[in-house]
Structure formats: C-alpha cells, structure tokens
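Structural overview for review
Now for the letters of each chain:
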Amino acid sequence: MAKKRVVSAVINGEPTDFLCEPRQTLLEVLRDVLDFTGTKEGCSNGNCGACTVRLNGRIVDSCLVLAVECDGAEIETIEGMAGPDALHPLQQAFLEGAALQCGICTPGFLVAAKALLEENPNPTEQQIRFFLAGNLCRCTGYDKIVRAVQACAAAASEH
Amino acid sequence: MHDFDYVAPTTLDEAIAALAKHDGQARCLAGGTDLIDQMRTGRRRPALVVDVKKIPELNALVVSDDGLRLGAAVPCSDVYRNEGVAQDYAALADAARIIGGIQIQNRASIGGNVCNSSPAADSVPALIALQAVCVIAGPNGPREVPIERFFTGPGGNVLEAGELLVELRMPPRPPRSGSHYRRFIPRNEMDIAVVGVGASVQLEDDGRTVAAARIGLGAVAPTPLLAEEAARVLVGRSVDDEAALSDAAEAARAVIRPIDDMRGTKAFRSHVTGVLVQRVVRAAAARARGESLDYCPGH
C-alpha cells in the first residue's frame, strides 16, 4: 500500500492539513475526509461538472484531480461562496429565478458561474452557455440557470 | 482506484529516472483528465504516477522568432489565452478551446492529448497543420519526432519505456499564412470528433493563390493523418477555385481509413472529411488575408 501523504492546502481561506493516499481524488477527500459535502459527485469522469471547485482560482472537476496534487494549493468550494450574513448574489439569483430543481448540479453551476462573472461581468447568453457547457443539469433545461446568471450580472452592473 | 505510488519530480532527469526505474509500469500525469478516468475504470493500472507539472521545461509557452515552444504540461486554457498562439497558431487555439468544457481546459494539456494518442484527439490535426515536432527526453538522450510520425495506432505512440514528451515545437509562421481547426460533432459542445480537420495555408501576394498548405485529419484512421496530396493539389491554384477545393477534398477522402461506429458510418465520415477540408482551407485562407473568422465552435 502506498504511504499516506500529508497535504497542506488553503481551503476557503483556511489553512488545512489532511492525510490522503495517492489514489484518492480531491472530490473524495473533500467529501469523505474533510466533510465538505456541498461538492457533489455526479459522473466521476469529468462530464457533468457537479464536483466543480476552484483550484488556484481556476474551475476544475475535483473528480479528475488527485488530492496529493493539491499540496500548496488554494481551493474554493461551494461552502466558501456565501458571506457570513448573506448568500452570494448568484446563490440569491438562483433561488429567486428557481434555477434548480433536485439541486445536485447546483453547487457546480454556482462555482462555475462565479468564475465566469469574475472574468466577464457582462457575458452574452451564448458566452454563458459556452462557459457552462461543462456543467450538466437534468432537471431545468438550462434556461432558468442561464437567466439567473444574466439577472445576477445585470443587477451587479446597476450598482 | 487501484493502489499506486506518486512522485512529483522538479527536474527532467528525476522524471526520466523514475519512469525508467518502473520500466513501463509508470505513467505521466499532467492534467489527469484522461489518466485519472482511465485508472478509475481500471483501463490503466500504473504502479507509479509521475506528476510532470513541476518540471520547468514542461511548462514553457513561448512564441518568438524561433516559433512556438509549448511545454507538454501546459493546460489548454493557457494555450488559447496566449495572444501569440491565438494570432499565429490559430488552429491550435481553435482546438484547445473545444476540448471538453472549461473545467477540462483548465487541466488538460495539449501534450497529454498527444500522449493519450486517441485517433480523434482534437489538437493533433492542428499540430499536423502547424508542422509540430515532438521533443522527447529519455534514458538514451533527447530525440525529435514529427507529430505525424508520433502515433502507432489507437492509444499507441513511439514513446519507449522511460521516455516522456517534453514539448511541442512549431516553426515560425511565414507571412500571409493562416490556420484553422474544425470538427464535426452532433452536439454543440463537449463531444468527441466524428471527423476533425486542421489546415494551414500560405498565400501568394495576391491573397488568393496558395503558395503552400498542410492538412491534418483526425478520427478517420487508426492514427491522425497528414494529407499530403490534398495539400499539394492546392498549390498554385486559387482558394476561390471550386475545382481546386474539390480536388483537395477528393485527395483527402482517398487517404482516410474510417470505421463504422456509434459516432458515424464510414460513408458519412468520408463525406464529412471532404466537406470539412474545403471549409477549413477557406477559413485558413481568410485568416491568411488577415480577415477575422465568423466562426463559433459548435455551430
């Protein structure tokens, strides 16, 4: 058995050390070791985006990252999205726009959409759909998700 | 996932030593988007995973008078965000932009796409068009292999035990040249090419006559192909000459060896090969004239 490794990462702003085997994915460690169960397991092969997190600022599928690769990394999960007193504006827009049904894909969509709006605060519908192509939703048909992202972007540009 | 060991060397020599010691039982990890899925499903069971992302040579991304040096571990999103690549090596940027979704592009490298050696790898027809050379390091020293000779069959390549791909090197682009990669898929995004075509075209001063061309074909044979005759028949003729484009399409169809599978039939792949060769050559020529391309991936 390969030895367990100590990995030091910053997760949602908190320095965190954890032990893992080389064969454990970041998704498994987040959920089963660190109890960040907001990150969901969907397909586990990089198709659905339910396990999307930020790794050093970039969105990745955490099912396709080995946890041992994350030594020294900054990781952001859905648990780091809301502020202490209020939801993140995207979370609020998803709620108000009913941009979810079963909710399994929602953390991944929110983490990805936040990355999109940071990079491009006023995306077109096509840009939103292209950027979120790596996130699958089997409930909504996507329209309400796209509209929630548009509504959030529009509200932010008014301020 | 099966049990394996993991190392993350910081020099090429350490990586070669680790790979050589495990004699074929080690596998390089760059973005992991193929390898981790293959290990999860048991298709690959390496005893050692060698994370190559900390080796400086594999992170190079330099466009200069000497051409393009692309380290094997550089993720797709860095490739298409690089202005020099987007400007002069546009076919490669086109391919990098449509490999998976953003989450995949932030991890998956062009070098990994090459080493995974799928006949349908999106980056390879673009690399063929841009005359890429694979720079390989190993226990017996470095060697260089032109991209079109790197592949030996589906999933197979010329890398020997202990060897790894260090970088892809592309020559400087001549004046009045342009390139493009496009694939056919039945969806808008996130799919594997049914047929993929990359082309680079250099025009004469008149902006119409083809001075030189290179055409790469994907997903239509056990390995990606350099379609030499298809490019040769264009030379000296106008890109507006329908007969010239039709001759190139026919020449491309003549060298493919497609299969029937869930993505398409032989007859369909042959037809689409011809259609895409014409469209991609036209688009590469438009870029060679400095025109921007009205092209949205997936549409």
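The structure this text deals with has already been given above.
How each quantity is defined
Residues numbered from 1 in each chain as written. Chains lettered and ligands numbered in written order. Predicted model: local features only at pLDDT ≥ 70, side-chain atom pairs only at ≥ 80, totals over all residues. Heavy atoms only, no water. Contact = heavy atoms within 4.5 Å. Buried area = accessible area lost by both parts, 1.4 Å probe. Salt bridge = Lys/Arg side-chain N within 4 Å of Asp/Glu carboxyl O. Helix = DSSP H or I, 4+ residues; strand = E, 2+ residues; numbered from the N terminus. Buried < 20%, exposed > 50% of the residue type's maximum accessible area, 1.4 Å probe, protein only. Polar contact = N/O pair within 3.5 Å; in protein donor to acceptor, adjacent residues only side chain to side chain. Pairing = 2+ DSSP bridges. Axes fitted to C-alpha atoms, helices over the stretch in contact; angles between N-to-C directions.

1. What to know about the interface of chain B and chain A
Opposite the 33 residues of chain B that make contact, chain A presents 33 residues. Broken down residue by residue, the surface that chain B buries against chain A is led by Asp3, Tyr6 and Gln103 of chain B, which jointly contribute 25%. Put simply, chain B and chain A have five salt bridges between them. Measuring nitrogen to oxygen at the nearest pair gives 2.5 Å for the salt bridge that ties aspartate 78 of chain B to arginine 58 of chain A.

2. Observations regarding the side chain of asparagine 157 of chain B
Residue and element names in this part refer to chain B. Mapped onto the elements of the fold, asparagine 157 is located in strand E9 (residues 156–157). Using a relative accessible area of 19% as the deciding quantity, one classes asparagine 157 as buried. Side-chain polar atoms of asparagine 157 contact the side chain of serine 117, separated by 3.0 Å. Side-chain polar atoms of asparagine 157 contact the backbone nitrogen of leucine 159, separated by 3.0 Å. Filtering out sequence-adjacent residues up to four positions away, asparagine 157 remains in contact with Cys115, Ser117, Phe150, Phe151 and Thr152.

3. Section: unusual backbone geometry
Residues and elements named next belong to chain B. If you check the backbone angles, serine 117 has positive phi at about 60 degrees while not being a glycine. Tracing the sequence through the fold places serine 117 in the loop between helix H7 (110–116) and helix H8 (123–129). The backbone phi angle of methionine 190 is positive, close to 55 degrees, even though this residue is not glycine. On the secondary structure map, methionine 190 appears in the loop between strand E11 (177–184) and strand E12 (195–203). Owing to a relative accessible area of 13%, methionine 190 belongs among the buried residues under this scheme.

4. Thoughts on the sheet that holds strand E3 (residues 52–55) of chain A
All names here are of chain A. One open sheet holds the five strands; their spatial order is E2-E1-E5-E3-E4, and the pairing between them is mixed. A single partner strand is all that each edge strand has here, and the edge strands are strand E2 (14–20) and strand E4 (58–61). Shown here is a sheet whose adjacent strand axes are inclined to one another by a mean of 40 degrees, direction ignored. Sheet topology note: the E3/E4 ladder contains four bridges and is antiparallel. Its bridge partner being in E4, leucine 55 is matched across the sheet by arginine 58. Here helix H1 (residues 26–33) sits on the sheet in contact with strand E1 (5–11), E2, E3 and strand E5 (74–76), set at roughly 105 degrees to E2.

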